[in-house]
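Observations on the model geometry
Here is how the chains run, residue by residue.
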Amino acid sequence: VDKKILNEQKVWGRAGNEHFFQSTRSQVDHLYRSEKFFLPQLVKEAVSFLDLGCACGDFSQIIKHYNPAIRYTGVDIIERFINIARENHPQSDFIVSDGLHLGLPDGAFDLVHSSGILHLNSRYQDIVREMYRVSSRNVLCDFRLTDGPQVVGEMDVNLVGQKGEVQMLPYYVLNVDEHLAFLKKLNP
């Protein structure tokens, strides 16, 4: 795990955040509108699914709702979340990783998914490259886009109303044309 990324992303590991993820990303009706549009059909056609930023692994229940036979693997940088996922979802696989170094073979998954994390990560392009490398078929992820210049800001992630130390995450809003040019350069 890249120590810089771990330090940047440690805000997710705040005590109590696991409750947020377990209560907001475990049922089909918790899907974002865009996920409801894309995921059901792609998941039904896939044999294997990699979820980058899986938190406590409860998203596996949604994926298995659409395809009970799918091989689900979740990845998260917070080791405590992965331990919870392994305990609560023994029928799935979970890996602690920063998303940069997955340690998986090229093309290992039919569908590689990430939702809600790339715009909050300073190495989002490297993570996208790694997602693309381990996908044999589809990569489904989200970005924040503008037709104006790229905007780099900061955002405090306060999922459960904690008080005390404030930790800021980077926040990227990408120029759509520049980002599309980056995606088109991915090989093959």
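The sections below set out a description of the structure shown in this document. (Residues numbered from 1 in each chain as written. Predicted model: local features only at pLDDT ≥ 70, side-chain atom pairs only at ≥ 80, totals over all residues. Heavy atoms only, no water.)

Some details on unusual backbone geometry
Only a minority of non-glycine residues have a phi that is not negative, and only a minority of peptide bonds are not trans. The cut-off we apply is this: Each helix is a run of DSSP H or I of at least 4 residues and each strand a run of E of at least 2, with the numbering of both proceeding from the N terminus.
Even without a glycine there, the phi angle at Ala55 is positive, about 55 degrees. Within the secondary structure, Ala55 sits in the loop between strand 1 (48-52) and helix 4 (59-66).

Notes on the sheet that holds strand 6 (residues 145-146)
Where we set the bar: Only strands that DSSP links by at least two bridges are regarded as paired with each other. Pairs of residues are marked as contacts when any of their non-hydrogen atoms sit within 4.5 Å. Between the N-to-C directions of two axes lies an angle of 0 to 180 degrees, each axis being a line fitted to C-alpha atoms and, for a helix, fitted only over the stretch in contact.
Pairing is mixed in the open sheet, where three strands are placed in the order 6-8-7. Edge positions in the open sheet fall to strand 6 and strand 7 (151-156), since each of these has one partner strand only. Pairing analysis gives two bridges linking strand 6 to strand 8 (residues 168-175), with the strands arranged parallel. Its bridge partner being in strand 8, Leu145 is matched across the sheet by Leu174. Contacts from helix 7 (residues 176-184) reach strand 6 and strand 8 within the one sheet, and its direction differs from that of strand 8 by about 90 degrees.

Here's the deal with the packing of helix 3 (residues 33-45) against helix 4
Selection rule: Reported orientations rely on four angle classes, namely roughly parallel under 35 degrees, roughly antiparallel over 145, roughly perpendicular from 65 to 115, and oblique for the rest. In this scheme the handedness of a crossing depends on how the near helix is turned from the far one: anticlockwise by less than a right angle means left-handed, clockwise means right-handed. Any residue that is not Ala, Val, Leu, Ile, Met, Phe, Trp, Tyr, Cys, Pro, Asp, Glu, Lys or Arg is counted as polar, Gly included; the first ten are nonpolar and the last four charged.
At a minimum axis distance of 8 Å, the contact between helix 3 and helix 4 shows a crossing angle of 60 degrees. Taken together, the axes of helix 3 and helix 4 lie oblique to each other. Of the two elements, helix 3 crosses helix 4, and the hand of that crossing is right-handed. The segment helix 3 lies against helix 4, with Glu35, Leu39, Pro40, Val43 and Lys44 engaging Phe59, Ile63 and Tyr66. Of the residues contributing to the contact of helix 3 with helix 4, the split by class is six nonpolar, no polar and two charged.

Some thoughts on the nonpolar core
Here is the rule: In this description, a nonpolar core means a group of buried Ala, Val, Leu, Ile, Met, Phe, Trp, Tyr and Cys residues linked to one another through side-chain atoms lying within 4.5 Å. The buried label goes to any residue with under 20% of its type's maximum accessible area, the exposed label to any with over 50%, and the partly exposed label to all in between, with areas taken from a 1.4 Å probe on protein chains only.
Ranked by internal contacts, the top residues of the largest apolar core, which has 33 residues, are Trp12, Leu50, Leu52, Phe81, Leu102 and Leu118. Contributions of two or more residues to this core are made by strand 1, helix 5 (79-88), strand 4 (109-114), helix 6 (124-134) and strand 8. Examining the composition of this core, we find that five residues originate from one element, helix 6, more than from any other. The contacts of Leu50, once residues within four sequence positions are left out, are Thr73, Val75, Leu102, Leu104, Phe109, Leu111, Val112, His113 and Val134. Counting residues in hydrophobic clusters, the runner-up holds 18 residues, among them Leu31, Leu42, Cys54 and Leu111.

Topic: the pairing of strand 5 (residues 135-141)
Test applied: Orient the strands so they point away from the viewer, and a crossover whose first-strand-to-second-strand path over the helix runs clockwise is right-handed.
In this structure, strand 4 lies alongside strand 5, joined through five bridges in parallel fashion. What sits directly across from Leu111, in strand 5, is Asn138. After leaving strand 4, the chain enters helix 6 and then returns to the sheet as strand 5, a path that is right-handed.

Here's the deal with the pattern of salt bridges
Inclusion rule: Salt bridges are identified by distance alone: a Lys or Arg side-chain nitrogen within 4 Å of an Asp or Glu carboxyl oxygen.
If you walk through the whole model with that rule in mind, you get ten salt bridges. Across the pair Arg80 and Glu18 runs a salt bridge, and its minimum N-O distance is 2.4 Å. Separated by 62 residues along the polypeptide, Arg80 in helix 5 and Glu18 in helix 2 (residues 17-24) bring together distant segments of the chain. Of the residues examined, Arg80 reaches a relative accessible area of 33% and is grouped as partly exposed. A salt bridge links Glu130 to Arg133; the shortest N-O distance between them is 2.8 Å. On the criterion of helical spacing, the pair formed by Glu130 and Arg133 is a turn pair, its members being three residues apart in helix 6. Connected via shared salt-bridge partners are Asp2, Arg123, Asp126 and Arg129.

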